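# Summary of the model geometry
What follows is the residue order along each chain.
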Amino acid sequence: QLQLVQSGGGFVQSGGSLRLSCAASGFTLDGYAIGWFRQAPGKEREGVSCISKSGFTNFADFVKGRFTISKDDAKTTVYLQMNSLSPEDTAVYFCAARTSSSRYYCPFTDSSTLDIWGQGALVTVSL
């Protein structure tokens, strides 16, 4: 089965850092685009970041300058490095994937076509 397995969530104080991992199982990353999304209690799911199959990246305005995204194709793993965290970043974070023919397709604004989802990782940022 095609799966994404997430790890790295947890508790962190305001101003701290966490790194989330999203490991692909059953497929390689070179044909897929990966998006990161988050959902806070009572809020709609929102896009955070993405990386295309060729390595093109994009970020939501509210994380620019604080988050970075990268991938290790040999490990078939995508990473979301989160720095300067604030309580507003508290949410369940999901990674998701879809096949992509475009070298630059980078899905963080539209999750409707993403059909492989990780189980989610809870990130809690305290004051």
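Please refer to the structure higher up on the page.
A brief look at the structure comes next. Numbering of residues starts from 1 in every chain and runs along the sequence as written. Local features in this predicted model are restricted to residues whose pLDDT is 70 or higher, and side-chain atom pairs enter the listing and the counts only when it is 80 or higher, whereas totals over whole chains, interfaces and linings include all residues. As a convention, hydrogens and water are excluded, and side-chain values are obtained from all of the structure's heavy atoms.

## Side note on the nonpolar core
By size, the foremost hydrophobic cluster in this structure holds 33 residues, and its most contacted members are Trp36, Phe67, Leu80, Met82 and Tyr93. Going along the chain from the N terminus, every DSSP run of H or I of four or more residues is numbered as a helix, and every run of E of two or more is numbered as a strand. For this core, the elements supplying multiple residues, two or more each, are strand E3 (18–25), strand E4 (32–39), strand E5 (46–51), strand E7 (67–72), strand E8 (77–82), strand E9 (91–99) and strand E11 (121–126). Residue types Ala, Val, Leu, Ile, Met, Phe, Trp, Tyr and Cys, when buried and joined through side-chain atoms within 4.5 Å, form a set referred to as a nonpolar core. Each residue is assigned to one of three classes by its accessible area relative to the maximum for its type, calculated with a 1.4 Å probe on protein chains only: buried under 20%, partly exposed between the two thresholds, exposed over 50%.

## Remarks on unusual backbone geometry
You will see that threonine 76, though not glycine, has its phi angle at about 45 degrees, which is positive. Along the polypeptide, threonine 76 turns up in the loop between E7 and E8. The backbone of serine 84 sits at a positive phi, close to 50 degrees, despite the residue not being glycine. The exposure class of serine 84 is partly exposed, given its relative accessible area of 44%.

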